[in-house]
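Chain by chain, the residues:
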Amino acid sequence: MDKVIDIEERIPTLRQKRRRRTNFKFITLLLLFFLTLFLLLYFQSPYSDIKKINIKGSKLVGEEVYLEQANLKIGNSMWGFQADEVEKKIKQQHWVKDVQVTRKWLTTVEIKVEEWQKVAYISIDNEFYPMLENGEIFKEASKLEPVDAPLFLEFEDEKLRKKLLKELAKLDPTVLALISQINATPTSSDPYSITLFMNDGYEVRAEITSLSDKLKFYPSIIAQIESAGGYEKGIIDIEVGSYYRSYQDEYVQLDLTTDEIDSNTDGEQEVIADEEIISQ
């Protein structure tokens with residue numbers, strides 16, 4: 001037989017549950033009130049202003065350029081701008097690859113910029129301009145000396161230039177730093193032919209379409225040449241295969257007659273020609 005519970009016995013339990021619900025509602029309303037009050041005071045106080053703006057990744061231009069593009073200043077409201085709108089403004093610059101704008105803590109804004117890599121220089125009207133891996137010429141800076149990237153010569157074809165820049169961007173920085181100058185040397189059979197002059201005295205003949213895949217082995221090729229002993233500076237051809245010829249074998253191939261050898265004058269001309277070619 002089921003036990004019958006008197007309603008009077010349940011009243012204290014019901015009262016206790018009701019009291020708990022009432023207390024919970026009161027605490028929730030109290031928290032909401034203080035939170036709203038805190039937010040009102042925060043937005044009306046200097047504590048909601050920007051106190052610091054951090055720019056990270058700025059190499060091609062000064063930080064002030066990005067601050068101007070972002071249109072953000074110390075003292076502006078931390079919540080008076082939209083991060084995605086600021087990112088769109090900065091991305092309009094042709095040298096910017098990507099950008100992220102974030103709020104840090106309550107008073108700091110961080111602008112993290114990723115710029116296109118500088119891989120070469122080009123001479124225009126006797127001024128040196130950096131060229132970026134996306135193919136753009138960075139004309140915002142014209143007083144830079146071409147000491148940390150190769151110099152392009154005879155590259156009037158923009159499409160050709162952009163192809164080469166993409167290949168250079170794939171190279172290891174240590175290999176890229178070895179290149180002093182790159183000349184376009186196209187032929188009727190190979191429009192992508194180029195000649196690279198290296199800082200260590202060698203000359204490399206290559207093709208744009210396979211440059212990054214083949215030039216990455218340049219340090220090991222040089223090591224093999226120099227380990228052979230009695231080596232001379234010369235030309236490394238990586239257009240099709242990979243072979244080496246000294247400057248002496250490449251340029252000094254004179255068919256001298258017996259009369260020319262017996263002539264002192266002619267002998268002196270041979271020495272002079274020899275010295276000029278080796279010095280190249």
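Up top is the structure these notes are about.
Colleague: Explanation requested: a nonpolar patch on the surface in the structure shown.
Modeller: A grouping of F26, I27, L30, L31, F33, F34, L37 and L41 is seen on the molecular surface, where their side chains present a nonpolar patch of about 820 Å² in accessible area. Along the chain, the position of L31 falls in helix α1 (residues 7-44).

Colleague: Would you mind showing me how to read the sheet that holds strand β11 (residues 243-246) here?
Modeller: Strand pairing in a sheet is mediated by backbone hydrogen bonds. Such pairs are either parallel or antiparallel. The 8 strands are arranged β5-β4-β6-β7-β8-β9-β10-β11 in an open sheet whose pairing can be described as mixed. Single-partner strands in this sheet number two, and they are β5 (127-132) and β11. Across this sheet, the average inter-strand angle for adjacent strands is 25 degrees, counted without regard to direction. As paired elements, strand β9 (residues 203-207) and strand β10 (residues 234-237) share 3 bridges and run parallel to each other. In the strand pairing of β10, E203 is matched with I235. Along the sheet, helix α4 (residues 158-169) contacts β4 (118-124), β5, β6 (151-153), β7 (179-184) and β8 (193-198); its crossing angle with β4, the most-contacted strand, is approximately 145 degrees. Running over the sheet, helix α7 (residues 218-227) touches β8, β9, β10 and β11 and is turned about 135 degrees from β10.

Colleague: What am I meant to see in unusual backbone geometry here?
Modeller: Trans peptide bonds make up most of the peptide bonds, and negative phi angles are found at most residues other than glycine. One non-glycine residue with positive phi stands out, namely N71, at about 60 degrees. Looking at where N71 falls in the secondary structure, it is placed in the loop between α2 (63-70) and α3 (83-91). Located in the positive-phi region is W105, a residue other than glycine, with phi close to 60 degrees. Tracing the backbone shows W105 in the loop between β2 (96-104) and β3 (108-115).

Colleague: Any chance you could explain the side chain of D237 here in plain terms?
Modeller: With respect to the helices and strands, the residue D237 is situated in strand β10. No salt bridge is formed by the buried D237. Its closest oppositely charged neighbour is R245, at 4.9 Å. A polar atom in the side chain of D237 sits 3.0 Å from the backbone nitrogen of E239.

Colleague: How should I be thinking about the nonpolar core in this particular structure?
Modeller: Formed by 34 residues in total, the largest nonpolar core has its most connected members in F152, L168, L196 and L215. At 5 residues, α4 tops the list of elements feeding residues into this core. Look past the residues within four positions of L168 in its chain and what remains in contact with it is V119, A120, P150, F152, L176, I179, I182 and L211. Core analysis: the second largest hydrophobic core is formed by 21 residues, L72, W95, V96 and V101 among them.

Colleague: Mind showing me how you'd approach the environment of Y247 here?
Modeller: Within the element layout of this structure, Y247 appears in helix α8 (residues 247-251). For Y247, a relative accessible area of 5% puts it in the buried group. Among the polar contacts made by the side chain of Y247, one reaches the main-chain carbonyl oxygen of G201 at a distance of 2.9 Å.

Colleague: Would you mind showing me how to read the pattern of salt bridges here?
Modeller: Side-chain pairs of opposite charge can arise whenever the charged atoms involved come near each other. Under the counting rule described, the total for this entry stands at 6 salt bridges. When the shortest N-O distance is used, the salt bridge between K97 and E114 registers 3.8 Å. In this pair, K97 is assigned in strand β2 and E114 in strand β3, connecting sequence segments 17 residues apart. Residue K162 pairs with E158 through a salt bridge whose shortest N-O separation is 3.3 Å. With a gap of 4 residues between them, K162 and E158 both fall in helix α4, about one helical turn apart.

Colleague: Would you mind showing me how to read the pairing of strand β1 (residues 52-56) here?
Modeller: Consecutive residues of a regular strand have side chains that alternate between opposite faces of the sheet. What you see with β1 is a clean split: I53 and I55 sit on the buried side and K52, N54 and K56 on the side with no burial. Strand direction decides the pairing type here: β1 and β3, joined by 5 bridges, are parallel. Paired with K52 across the bridge in β3 is T108.

Cut-offs and rules
- What you see as residue numbers is a count from 1 along each chain, following the sequence as written.
- Local features in this predicted model are restricted to residues of pLDDT 70 or higher, and side-chain atom pairs are both shown and tallied only at a pLDDT of 80 or more, whereas totals for entire chains, interfaces and linings draw on every residue.
- No hydrogens and no water enter the side-chain calculation; it runs on all heavy atoms of the structure.
- Every patch collects residues that have over 30% relative accessible area and no salt bridge, joining them within 9 Å if they carry like charges and within 5 Å if they are nonpolar side chains (Val, Leu, Ile, Met, Phe, Trp, Tyr).
- For the area figures, the Shrake-Rupley method with a 1.4 Å probe applies, and any residue is considered shielded solely by the protein chains shown.
- When a carboxyl oxygen of Asp or Glu is within 4 Å of a side-chain nitrogen of Lys or Arg, the pair counts as a salt bridge.
- Numbering of helices and strands runs from the N terminus, with a helix taken as a DSSP run of H or I at least four residues long and a strand as a DSSP run of E at least two residues long.
- At least two bridges found by DSSP between two strands are what make those strands a pair.
- Helix axes are fitted to C-alpha atoms over the stretch in contact, other axes to C-alpha atoms as well, and angles between N-to-C directions run from 0 to 180 degrees.
- Contact between two residues is taken to exist if any of their heavy atoms lie within 4.5 Å; hydrogens are not considered.
- Under the scheme applied here, a residue whose accessible area is under 20% of the maximum for its type counts as buried, over 50% as exposed, and between as partly exposed, the area being computed with a 1.4 Å probe on protein chains only.
- When charges are counted, Lys and Arg are positive and Asp and Glu negative, with His and the chain ends excluded.
- For the purposes of these results, a polar contact is taken to be a pair of N or O atoms within 3.5 Å, where, inside protein, one atom must be able to donate a hydrogen and its partner to accept one; residues adjacent in sequence count only when each atom of the pair is a side-chain atom.
- Take the buried Ala, Val, Leu, Ile, Met, Phe, Trp, Tyr and Cys residues and link them wherever side-chain atoms come within 4.5 Å; each set so joined is a nonpolar core.

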